[in-house]
Each structure stands twice: as structure tokens, then as C-alpha cells.
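Given next are the chains, with one letter for each unit.
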Amino acid sequence: MTKLIEYEEASDEVRAVYDDICVTRQNDYINNFWKAIANHPPTLQRTWQAVKEVMTSPGEIDPLMRELIYIAVSATNGCEYCIASHTASARAKGMNDTMFGELMAIAATANMTNRLANGYQIPVDEKFKT
């Protein structure tokens, strides 16, 4: 298992990212994902900037929907950690058990139909092409 880098033992470079995470998320909690990738500060910095931009920048997709998308992709990729952390975040943003059930049903159905479409090598209808 990867060593988790706690704030107290972190380099100044890592602390700066941790501080930005706390300010951006308006709390003082650094979760294990960030502590693990802090073993390589350039990856920590790069990953945090990407996540921060995609998940917190203004846009047409609201914060709860962003979390729901993240959960669906994480479930499809089998990432237990991301499913757990983004489910907690989505619940904090208003997701309830019924919404979670619907999300999982949609993700499961999309995975099934994607595999059928790929397996049958179905050509895309002309009217669906952009």
C-alpha cells in the first residue's frame, strides 16, 4: 500500500496543494486520494488542477450532476475509492437513495447496451451523426 503523506510531514509544495484543496472545498479535510498521490508532487499538482477545473469551474452542468457523472464513470471503471468519495460528495449536494438507484440503473443499462452495440458492430444511423 502507498504511504499516505500527512500535512505535518508534507513538503512545502505538497502543503500548498493541500491548502488549495481546503480553500476550494471550504473544509480542512484532505482525503487519502490526495495523500497517496502526494508521493509524487508533480502528479498531485497536475491532478488537483484538473479535478479543480472540471469539478468547480462555472459551467452549464451543476455541481450535483457533475458528481453523479463522476459516480457513474467510477462505477463503470470499478473504482471503489472514487465511488465512495463522490457518493459522499453527491449526498452532501442533495443526492438521495432514489437518485442513486436511478443513476446505477442508467449506468448499468448503458453498459449493457454499449456492449450489445459493440458486439453486434451496429453501424451508426446517419441521422445520429453530427
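In case you missed it, the structure is sitting above this.
I will try to describe carefully the structure that is included in this document. (Residues numbered from 1 in each chain as written. Predicted model: local features only at pLDDT ≥ 70, side-chain atom pairs only at ≥ 80, totals over all residues. Heavy atoms only, no water.)

## Digging into the overall build of the protein chain
This is how the line gets drawn: Labels follow the DSSP assignment, with helices taken as runs of H or I lasting at least four residues and strands as runs of E lasting at least two, numbered in each case from the N terminus. The globule rule used here is 2.2 Å times the number of residues to the 0.38 power, and the radius of gyration it is set against is calculated over C-alpha atoms. Contact definition: two residues touch when any of their heavy atoms are within 4.5 Å. Using a 1.4 Å probe, accessible areas were evaluated by the Shrake-Rupley method; residue-level cover was limited to the displayed protein chains. For the charge count, each Lys or Arg is scored as positive and each Asp or Glu as negative, with His and the chain ends excluded. Charge coordinates come from a single atom per side chain, which is NZ of Lys, CZ of Arg, CG of Asp or CD of Glu.
Each helix and strand in the protein chain was counted, giving six helices and zero strands. Secondary structure elements in the protein chain, listed N-terminal to C-terminal, are α-α-α-α-α-α. Relative to its length of 130 residues, the protein chain is extended, with a C-alpha radius of gyration of 18 Å against a globular reference of 14 Å. Taking the principal axes of the C-alpha coordinates as reference, the protein chain spans close to 55 × 30 × 30 Å. Relative to all contacts within the protein chain whose residues are 6 or more apart in sequence, the contacts with residues 24 or more apart total 46%. Split by element, the accessible area of the protein chain, about 9,100 Å² in all, is 58% carbon and sulfur. A distance of 4 Å separates the average location of the 12 positive side-chain charges in the protein chain from that of its 17 negative side-chain charges.

## Concerning the side chain of Asn31
Where we set the bar: Each polar contact in these results corresponds to two N or O atoms within 3.5 Å; when the atoms are within protein, one needs to be able to donate a hydrogen and the other to accept it, and residues that are neighboring in sequence are counted only if both atoms are side-chain atoms.
Relative to the assigned elements, Asn31 resides in the loop between helix H1 (12-25) and helix H2 (32-37). Among the polar contacts listed, one links the side chain of Asn31 to the side chain of Tyr81, at a separation of 3.5 Å. Beyond its immediate stretch of four places on either side in the chain, Asn31 contacts Arg25 and Tyr81.

## With respect to the packing of helix H4 (residues 63-77) against helix H5 (residues 80-92)
The criterion, for reference: An axis is simply a line fitted to the C-alpha atoms; with a helix, the fit covers only the stretch in contact. Between two such axes, the angle follows the N-to-C directions and lies from 0 to 180 degrees. To sort the angles, those under 35 degrees are grouped as roughly parallel, those over 145 as roughly antiparallel, those from 65 to 115 as roughly perpendicular, and the leftovers as oblique. Take the far helix as the reference: if the near one is turned anticlockwise from it by less than a right angle, the crossing is left-handed, and if turned clockwise, right-handed. The classification used treats Ala, Val, Leu, Ile, Met, Phe, Trp, Tyr, Cys and Pro as nonpolar, Asp, Glu, Lys and Arg as charged, and all other residues, Gly among them, as polar.
Where H4 meets H5, the axes come as close as 9 Å, and the angle between the chain directions of the two elements is 160°. By the angle class used here, H4 and H5 are roughly antiparallel. Like other packed secondary-structure pairs, H4 and H5 cross with a definite hand, here left-handed. Between H4, through Leu64, Glu67, Tyr70, Ile71, Ser74 and Ala75, and H5, the contact on the second element is made entirely by Cys82, Ile83, His86, Thr87, Ser89 and Ala90. Broken down by class, the residue content of the contact of H4 with H5 amounts to seven nonpolar, four polar and one charged.

## Some remarks on the environment of Asn27
Relative to the helices and strands, Asn27 resides in the loop between H1 and H2. For the pair formed by Asn27 and Glu9, sequence separation is 18 residues and the distance between their alpha carbons is 20 Å. Of note is the side chain of Asn27, whose polar atom sits 2.9 Å from the backbone nitrogen of Tyr29.

## What about the side chain of Arg66?
We apply this condition: Remark: exposure states derive from per-residue accessible area (1.4 Å probe, protein chains only) relative to the maximum for the residue type, with buried under 20%, exposed over 50%, and partly exposed in between. Here a salt bridge means any side-chain nitrogen of Lys or Arg lying within 4 Å of a carboxyl oxygen belonging to Asp or Glu.
Note on placement: Arg66 falls in helix H4. Despite its burial, Arg66 remains without a salt bridge, the nearest opposite charge being carried by Asp62 at 7.0 Å. Here the side chain of Arg66 touches Val54 through a polar contact of 2.6 Å, landing on its backbone oxygen. The contact partners of Arg66, leaving out residues within four places of it in the chain, are Glu53, Val54, Met55, Thr56, Ser57, Pro58, Gly59 and Ile61.

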